[in-house]
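Residue-level structural notes
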Amino acid sequence: MAENQQNNQQNNQPVEDTNHIVQARRDKLAELQAAGQDPFEITKFEQTHHSEEIRENFETLENQHVAIAGRIMLKRVMGKASFVHIQDKQGRIQAYVARDGIGEDEYKAFKKLDIGDIIGIEGYVFKTKTGETSVHAEKLTLLSKSLYPLPEKFHGIQDTDTRYRQRYVDLIMSEESKKVFIKRSQIISEIRNFLAGRDFMEVETPMLVSNAGGAAARPFETHYNALNEDVKLRISLELYLKRLIIGGLERVFEIGRVFRNEGVDTRHNPEFTLMELYQAYTDYNGMMELTESMFRYLAEKVCGSTTITYQGTEIDLGKPFRRLTMTEAIKEETGIDFDTVKDLEEARELAKKNHIEFEDHHKIGDIENLFFETFCEEKMIQPTFIMDHPVEISPLTKKKPSDPSKVERFELYIYGREMCNAYSELNDPIDQRERFKAQDALAEAGDEEANHTDEDFLHAMEIGMPPTGGIGYGIDRLVMLLTDSAAIRDVLLFPTLKSVN
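A brief look at the structure comes next. (Residues numbered from 1 in each chain as written. Predicted model: local features only at pLDDT ≥ 70, side-chain atom pairs only at ≥ 80, totals over all residues. Heavy atoms only, no water.)

This paragraph deals with the overall build of the chain. Within the chain one finds 17 helices and 20 strands. When its C-alpha atoms are laid out on the principal axes, the chain stretches across 90 × 50 × 50 Å. Per-residue burial over the chain gives 50% buried out of 501 residues. Within the chain, residue pairs in contact and separated by at least 24 positions form 65% of the contacts whose partners lie at least 6 positions apart. Accessible area of the chain: about 24,700 Å², with a carbon and sulfur share of 47%. For the chain, the distance from the average site of its 62 positive side-chain charges to the average site of its 88 negative ones is 6 Å. (Helix = DSSP H or I, 4+ residues; strand = E, 2+ residues; numbered from the N terminus. Buried < 20%, exposed > 50% of the residue type's maximum accessible area, 1.4 Å probe, protein only. Contact = heavy atoms within 4.5 Å. Areas by Shrake-Rupley, 256 points an atom, 1.4 Å probe, with all protein chains shown as cover. Lys, Arg positive; Asp, Glu negative; His and termini not counted. Charge placed at Lys NZ, Arg CZ, Asp CG, Glu CD.)

On to the packing of helix α15 (residues 429-444) against helix α16 (residues 455-463). Between α15 and α16, whose axes approach to 9 Å, the crossing angle comes to 160°. In terms of orientation, α15 lies roughly antiparallel with respect to α16. In this structure, α15 meets α16 at a crossing whose hand is right-handed. On the side of α15, the interface is formed by Pro-429, Gln-432, Arg-433 and Phe-436, while α16 contributes Glu-455, Phe-457, Leu-458, Met-461 and Glu-462. (Axes fitted to C-alpha atoms, helices over the stretch in contact; angles between N-to-C directions. Parallel < 35°, antiparallel > 145°, perpendicular 65-115°, else oblique. Left-handed = near helix turned anticlockwise from the far one by under 90°.)

Together, Met-207, Leu-208, Tyr-224 and Leu-227 make up a nonpolar patch on the protein surface, roughly 360 Å² of accessible area in all. By the element assignment, Leu-227 lies in the loop between β8 (221-224) and β9 (229-233). For Leu-227, a relative accessible area of 48% corresponds to the partly exposed category. (Patch = residues over 30% accessible without salt bridge, like charges linked within 9 Å, V, L, I, M, F, W, Y side chains within 5 Å. Salt bridge = Lys/Arg side-chain N within 4 Å of Asp/Glu carboxyl O.)

Let's shift gears to the environment of Val-135. Inspection of the secondary structure assignment puts Val-135 in strand β5 (residues 133-144). Looking at Val-135, the relative accessible area reads 0%, which means it is buried. Those residues in contact with Val-135 that sit more than four places away from it in its chain are Ile-54, Val-66, Ile-68, Ile-93, Gln-94, Ala-95, Tyr-96, Ile-121, Gly-123, Tyr-124 and Phe-126.

These figures come from the coordinates and say nothing about function on their own.
Next up, the structure:
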C-alpha cells in the first residue's frame, strides 16, 4: 500500500482515484481473457517501420502498407472515427482509426483501450487535412494491457528521485531523457570508431580481483564461494591492461564498470563506466594529442560542432587545449610557487595560513595537490591540461627526468571538472616496487584508499614493459558534457539510490 501511495503522489492523482483506475483496467483485462482475447498470450508483432522513419520517407511511403507498434499516449474518440498517438523508440506518430476501416466489433474494442496500452497497427500512410503524417488503420491489435496509469501527461514525473527510481516511466514520459540515453549509446559507439581508426584493440579484464589497484579508492569487498576466497570489485582497469601491453598487444582499451566504495553526489556514483587505454612507445604528450583529437571528433559527430554549450557556458573544443603544470596553475591563482617550498614544515605552514586541512601522513606533494583542488580546479572552464603532478600522488607514473619530484602526468579539466587522467606509465619494476612499499605503509597507517603491492604485476613488469602512454576517461562525465546534463544520475539509466523501506 505504501508503494501505491508513493506512485499515486508521483502521478499527481489521489490514492482512491488511482485504485479505481487500476481496478477498472484489471476488469477490462478479465473481460478480454474471458472472451479468449488475452493480450498477454500474443508472442510477437511484425513491425515494418517506426515513427520518424515514416515521416522522413513520406514521399516514398505514401499509400504504402506499414505495420507500426507502440504505446498509446493520446486518444481522441469522435464517434465513428478516432485519432490515436502511439509512441515507439523514435517518437510519436498519429494513427486514424475508423469503424469502417477496422470493423464494428474491433472499433468497439478500440474505444475501451487505455492510455499506456501497447498496440500494433497495420494500415497505409497518408496525410490528414492539416498536413500531419499519419497511418490509416486497417487492423489494430492489443499487444499488452497497461494495468497502472501513467503520470499526468502535461506534467510528467515531477519528483526527481522518482525519475531515477522508475526510469522506465521517465523514458516513456520524457523525450529529453530518452534522447540523453540514445546519445550516450552514440558517444560510446563513436569512441570505439575513433579508437579503431587508430588501431586500438578492445579487450575485457576481470571485475573480481584479489588486489584492487590502479587508483586511490576504497573497494567493495565480497566472497568467492567456489574458491573460498575474499575478493574485491575492481576500482580501475589499469594493472590488467598493462599486463597486455607487456604481452605485446601494443594498443588496448576497455570500456567497463568499476566500483568505488565512496559517496554519492552530482558527479560521483559508486559504480560508474570507465574507459582506460594504453599505447606502447608513446608518452603523456601522445595521450594529450589523442585526447584533444578524440574530444573534437566526438563533439562533431554527436553534437554537430566543436563549440558546445554546457549549463549555459560555451565550451570551445575546437581551439588548442591550454597546457599548464600544476605548479604554474597554483602560482597563477595564489602567487605561491611550490617549486620554492623547501621542506614539509613550510608546506604545512602555507596550508594552515590558507585554511587548507591536511592529514599527518601528507607530504609536500599531497599538500600541493590540495592547493590545486581548493584554488584552481573550479577555475578550469575551457579545456585545460594540468600537467606534471607531484610524485607522492602518482604511484604508477614515470618521473620527469628533469625533476624527479614530479611525474609525467596530466588531467584534463573542462567546466571545473576532471575529465581524464593520463600518465607516461612507469615501466621500471624496481622503482615500482619501492612505490608499492610506500603505498603499503600508508595502508598500514589506516589509509583505506592506498594501493597494495601486486606481486604478479611486478613479475610482469620484470619481464619487460615498453615505454607506454596510458589514460583513463570517466565516460559518465563525458556524456554529461556532451548532453548538457547537470548531474551524473541524469546520464545513468539506473543510478545508485538508497533503498526505500
